[in-house]
Amino acid sequence: MAHPVDVHVGKRIRHRRWLIGMTQQQLAEQVGIKFQQIQKYETGANRVSASRLWDISDALEVPVSFFFEGLQEEGKAPAEKTAVPEDLMGDKEALDLVRSYYAIPENQRRRLFELARVLSDAA
């Protein structure tokens, strides 16, 4: 059975990789391993060594600490229920939406953001 920390780190690797639009193959090539190993890391089936995590953080352009963010909060019950999924960055649709949002020119993106804010306040 996978350790919860290994699962969390794997999810964070996958989230960051998705967020920047990188494939498992591309990440594996940058790190110097097979893509199947990336798959095992992302599911938590295999633990990521410190040196490998260092290489992955370099390839994904984040500090090593990024992979441990939110770890303490996972065991806690949410303070209040919201419509936002607990693992928002684990939702591929949400990541695709974020990617698409940042592809919009800045002035239009600001207007879209304000529209979303008004709509959410009205709900």
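Coordinates for the structure precede this section.
Thresholds applied
Residues numbered from 1 in each chain as written. Predicted model: local features only at pLDDT ≥ 70, side-chain atom pairs only at ≥ 80, totals over all residues. Heavy atoms only, no water. Salt bridge = Lys/Arg side-chain N within 4 Å of Asp/Glu carboxyl O. Helix = DSSP H or I, 4+ residues; strand = E, 2+ residues; numbered from the N terminus. Buried < 20%, exposed > 50% of the residue type's maximum accessible area, 1.4 Å probe, protein only. Axes fitted to C-alpha atoms, helices over the stretch in contact; angles between N-to-C directions. Parallel < 35°, antiparallel > 145°, perpendicular 65-115°, else oblique. Contact = heavy atoms within 4.5 Å. Nonpolar A, V, L, I, M, F, W, Y, C, P; charged D, E, K, R; others polar.

Draft legend 1. Expanded view of the pattern of salt bridges. Inspection of every chain in the model, using the stated rule, returns six salt bridges. Note that arginine 17 and glutamate 42 form a salt bridge whose closest N and O atoms lie 2.6 Å from each other. One end of the pair, arginine 17, is in helix α1 (residues 4-19); the other, glutamate 42, is in helix α3 (residues 35-43), and 25 residues separate them in sequence. Using a relative accessible area of 6% as the deciding quantity, one classes arginine 17 as buried.

Draft legend 2. Spotlight on the packing of helix α2 (residues 24-31) against α3. Direction vectors running N to C along α2 and α3 enclose 105°, while the axes themselves pass 8 Å from each other. Our classification of the angle between α2 and α3 gives roughly perpendicular. In contact with Gln24, Gln25, Leu27 and Ala28 of α2, α3 contributes Phe35, Ile38, Gln39 and Glu42. Counted by class, the contact of α2 with α3 contains four nonpolar, three polar and one charged residues.

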